[in-house]
Amino acid sequence: MMRGVRDFPVEAFRDALRAWFQANARDLPWRRSRDPYRVWVSEVMLQQTRVETVRTYYERFIRRFPDVEALAAAELAEVLRYWQGLGYYRRARHLHAAARRIVRDRAGRWPQTVQEWLALPGVGPYMARAVASIAFGVPTGVVDGNVRRVLARLGGLKQPAVRDLQAWADGLVDPRDPGMFNQAMMELGATVCTPVRPRCGDCPVRTFCRGFSTGRPEQFPTPVRRAEPPEERWWVVLWSHRGRWLLGHKRDGLLQDMWLFPMWPERTGDVETDVLTFWSPPDLRAAADVLRPLAPVVHEFTHRRWRLRPVWIPWPDGWDPPSVDGVMASTGMFQSWQWFPQAYLRRIPIPRAHRKVLAALARPVLRPMTG
DNA sequence: CTCCTGGTAT
DNA sequence: ATACCAGGAG
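For clarity, every value in this text was computed on a predicted model and none was experimentally measured.

## Describing unusual backbone geometry
Then step 1. Residue Pro221 is bonded to the preceding Phe220 through a cis peptide linkage, with omega at -10°.
Then step 2. You can see Pro221 is positioned in the loop between α12 (210-214) and β1 (231-241).
Then step 3. At Ala107, a position not held by glycine, the phi torsion is positive, near 55°.
Then step 4. Even without being glycine, Arg242 reaches a positive phi, approximately 50°.
Then step 5. Along the chain, Arg242 falls in the loop between β1 and β2 (244-250).
Then step 6. Taking the relative accessible area as the measure of exposure, Arg242 reaches 47% and is therefore partly exposed.

## Quick word on the nonpolar core
Then step 1. One finds Phe13, Tyr37, Trp40, Phe61, Leu154 and Trp279 to be the most contacted residues of the largest nonpolar core, which totals 117 residues.
Then step 2. Sorting elements by how many residues they give to this core places helix α8 (residues 125-136) first, with 8 residues.
Then step 3. If we ignore the near neighbours within four places in the chain, the residues touching Trp279 are Val237, Trp239, Trp264, Leu284, Ala287, Ile313, Trp315 and Val327.

## Describing the packing of helix α9 (residues 145-155) against helix α10 (residues 162-172)
Then step 1. Remark: α9 packs on α10, axes separated minimally by 11 Å, with the N-to-C direction vectors making an angle of 85°. Classified by the interaxial angle, the pair formed by α9 and α10 is roughly perpendicular. Across from Arg148, Leu151, Leu154 and Gly155 in α9, the residues of α10 making contact are Leu165, Trp168, Ala169 and Leu172.

## Comments concerning the side chain of Arg153
Then step 1. Examined against the element boundaries, Arg153 turns out to sit in helix α9.
Then step 2. Within the buried core, Arg153 has no salt-bridge partner, and the shortest N-O distance to an opposite charge, that of Glu218, equals 5.9 Å.
Then step 3. Discounting residues that sit within four places of it in the chain, Arg153 has contacts with Cys193, Thr194, Pro195, Pro198, Cys209, Arg210, Gly211, Pro217, Glu218 and Phe220.

## Description of the protein's contact with DNA strand B
Then step 1. As a matter of local geometry, DNA strand B sits amid 18 residues, with Gln48, Gly122, Gly124, Gly145 and Arg226 nearest to it.
Then step 2. With respect to DNA strand B, the side chain of Arg50 contributes an N or O atom lying 3.3 Å from a base oxygen.
Then step 3. Between DNA strand B and the protein, one listed contact pairs a phosphate oxygen with a backbone N or O atom of Met127 at 2.9 Å.
Then step 4. For the surface near DNA strand B, the element with the most residues is α8, which contributes 3 residues.
Then step 5. By residue class, the composition of the surface near DNA strand B is 7 nonpolar, 6 polar and 5 charged.

## Notes on the pairing of strand β6 (residues 297-300)
Then step 1. Because side chains alternate across β6, one face comprises the buried residues Val297 and His299, and the other comprises Val298 and Glu300, none of which is buried.
Then step 2. Note: β6 against strand β7 (residues 305-315), 4 bridges, orientation antiparallel. In the sheet register, His299 faces β7, and the bridge partner there is Trp306.
Then step 3. Joining the antiparallel neighbours β6 and β7 is a turn of 4 residues.

## A short note on α10
Then step 1. Every buried residue of α10 is accounted for by Leu165, Gln166, Trp168, Ala169 and Leu172. For α10, the angular spread of the buried residues around the axis is 165°, confining them to a single face.
Then step 2. Those residues of α10 that are buried lie in contact with α1 (10-24), α8, α9 and α11 (178-191).

## Structural notes on the packing of α8 against α11
Then step 1. Here α8 crosses α11 at 130°, and the two axes come no closer than 7 Å. By the criterion of interaxial angle, the relationship of α8 to α11 is oblique. Relative to α11, the crossing made by α8 is left-handed. Together, Tyr126, Ser133 and Ile134 of α8 and Pro178, Gly179, Asn182, Gln183 and Met186 of α11 make up the contact between the two elements.
Then step 2. Among the residues forming the contact of α8 with α11, the class breakdown is 4 nonpolar, 4 polar and no charged.

## Some words on the protein's contact with DNA strand C
Then step 1. Neighbouring DNA strand C are 18 residues, the closest being Tyr89, Thr302, His303, Arg304 and Arg352.
Then step 2. Backbone atoms, meaning sugar and phosphate, make up 61% of the atoms of DNA strand C lying within 4 Å of the protein.
Then step 3. Contact distances for DNA strand C include 3.3 Å between a base nitrogen and a side-chain N or O atom of Tyr88.
Then step 4. Contacts to DNA strand C include Arg304, whose side-chain N or O atom sits 2.3 Å from a phosphate oxygen.
Then step 5. Among the residues making up the surface near DNA strand C, the classes are represented as 7 nonpolar, 6 polar and 5 charged.

Rules and cut-offs
- Residues numbered from 1 in each chain as written.
- Chains lettered and ligands numbered in written order.
- Predicted model: local features only at pLDDT ≥ 70, side-chain atom pairs only at ≥ 80, totals over all residues.
- Heavy atoms only, no water.
- Helix = DSSP H or I, 4+ residues; strand = E, 2+ residues; numbered from the N terminus.
- Buried < 20%, exposed > 50% of the residue type's maximum accessible area, 1.4 Å probe, protein only.
- Core = buried A, V, L, I, M, F, W, Y, C linked by side-chain atoms within 4.5 Å.
- Contact = heavy atoms within 4.5 Å.
- Axes fitted to C-alpha atoms, helices over the stretch in contact; angles between N-to-C directions.
- Parallel < 35°, antiparallel > 145°, perpendicular 65-115°, else oblique.
- Lys, Arg positive; Asp, Glu negative; His and termini not counted.
- Salt bridge = Lys/Arg side-chain N within 4 Å of Asp/Glu carboxyl O.
- Near = heavy atom within 4 Å.
- Polar contact = N/O pair within 3.5 Å; in protein donor to acceptor, adjacent residues only side chain to side chain.
- Nonpolar A, V, L, I, M, F, W, Y, C, P; charged D, E, K, R; others polar.
- Pairing = 2+ DSSP bridges.
- Arc of directions from axis to C-beta.
- Left-handed = near helix turned anticlockwise from the far one by under 90°.

This is the structure in structure tokens:
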């Protein structure tokens, strides 16, 4: 057991936390049911994502895919479309794959133990314990980012090991209602024991808290600064022809299975040199004639920052259809490509970064293209 | 603007 | 250890 955690008044802590949660729990859509499907979907969405963002997505998703059978029967593209804008699209692909496993391999029988949940794709230590405790009453503690912070402050721990926190959470969890206890811990972290300026005055368990007694709760756990993500500069080509737009289906890695406008790395800063060299000579001359620079877009991921320079190429209706295969193949990032009518852009999964590019069409150019 | 947050897979 | 997204708060 960790220093500072010995002789922790477990029963009194549970009582104070329970009373607080019963009076202060936010009314969230996924809390109205202990249906494993709903608990699971909400937990997947809430991973790495804020409650207010998830709320809208969750309700739409449940309307469209009301149970695990409906999700398993759906196409991946459809699932991704409902996930569009939430980020971490791998979550959606795993959710979909796991739904198919539950329906096909388990004949719709739900995993109930932590071990069974862990066997599903996209389910790790946190999620397995969250769903098992909330939907099935398994007496196990969960340690997500919120709980980690709450426990670190309670124990006055600067750099707690996850294993120790898990062990502590397992000992703390209320066996009478593990799901409620876990949700209460996370709720406390989300609304009171916040990363900056925690509201200790509103905290139901401050009398148990070493962080509070030190007067500097924000020091637990020790804050760490994230490194600057490296920057990448890309040209993005919005190619339109007879009311259609050319997009590619991303093959792998970042934004896999999403639809993107073709992109080329910026090298010289001159679009004809960097992009149009991959085009056939007649296409090159024609494209240069109708090329329209758009306002730049910045989009930040965890691990890299994109500076996008969108270029609109409105291919005149009267001209021959452009030959796109060689051009799209030259990007090396798509498994297929397609001309989509304007109205269809709402029906395919396009990540936020390229939605911003699309929005740049409606704005005036802010800077010249060269330089 | 700047600084901050988050689970799983590999 | 690193890849993966899109925000919010101040």
